[in-house]
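As a plain string of letters, each chain reads:
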Amino acid sequence: KELKRLSEAEEEARLGGGEEAIAKQHEQGKLTARERVGLFFDKGSFVELGMFAQHQCYDFGMEKTRPLGDAVITGYGEVDGRTVYLYAYDFTVLGGSMGYTNTAKICNLARMARRTGVPIVGLFDSVGGRIQEGSGTFTPFFGENILASGAIPQISAVMGNCAGGAVYSPALTD
């Protein structure tokens, strides 16, 4: 029974914003974050972290929409046999908006990358900061960019129209 619930939750998380949002992404000629992650890593090597994380905002109607993963996929895997950490904003989920929870996921990943001396890649497809959660939700992320500068390779790719923190952070990377 519990394994079935876990399997259903994983399936829900992997669907991101749902079939309609995925179709809309494809109509714009863009891959989804999950498709990008799947193409980036050596087959079968990706380990996702924070798949079930949800935002903690209960204001402005946000309590009605609490998607698993909170609009960003984080994890690590191998590229040509070498370990790489990666985060990919999922535009199909809340426009890939940046909030406290997904920022915490990325900061945790960045700290792991720094501790292990492994490169980190960011795939940005985001409307920027999640206004419902207030300003400064993604500021700690900038701090991680700065701490990683010169310590590990940081590579960013802007995969669509982005705003706010989703353009500031890539400017701080290599």
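Residues numbered from 1 in each chain as written. Predicted model: local features only at pLDDT ≥ 70, side-chain atom pairs only at ≥ 80, totals over all residues. Heavy atoms only, no water.

(A) Inspection of the nonpolar core at higher detail. Core analysis: the largest hydrophobic core is formed by 21 residues, its most contacted members being Tyr-85, Tyr-87, Tyr-89, Ile-120, Phe-124 and Phe-141. Among the elements of the structure, β3 (82-89), α4 (100-116), β4 (120-124) and α5 (139-148) are those that each provide at least two residues to this core. In terms of residue count, α4 provides more of this core than any other element does, six residues in total. Setting aside chain neighbours within four positions, we find Tyr-89 in contact with Ala-33, Ala-71, Val-72, Gly-96, Met-98, Asn-102, Ile-106, Leu-123, Phe-124, Asp-125, Ser-126 and Phe-141. (Core = buried A, V, L, I, M, F, W, Y, C linked by side-chain atoms within 4.5 Å. Buried < 20%, exposed > 50% of the residue type's maximum accessible area, 1.4 Å probe, protein only. Helix = DSSP H or I, 4+ residues; strand = E, 2+ residues; numbered from the N terminus. Contact = heavy atoms within 4.5 Å.)

(B) Highlighting the packing of aromatic side chains. By the definition in use, this model includes nine aromatic pairs. Ring centres 5.6 Å apart and planes at 45 degrees place the aromatic pair Tyr-76 and Tyr-85 in the tilted group. Residue Tyr-76 is classed as partly exposed on the basis of its relative accessible area, which comes to 28%. Look at Phe-142 and Tyr-168: their rings are 6.2 Å apart centre to centre, the planes differ by 70 degrees, and that puts the pair in the edge-to-face class. One end of the pair, Phe-142, is in helix α5; the other, Tyr-168, is in helix α6 (residues 165-171), and 26 residues separate them in sequence. The rings of Tyr-87, Tyr-89, Phe-124 and Phe-141 are connected pair by pair, giving a single aromatic cluster. (Phe/Tyr/Trp six-rings, centres within 6.5 Å; stacked < 30°, edge-to-face > 60°.)

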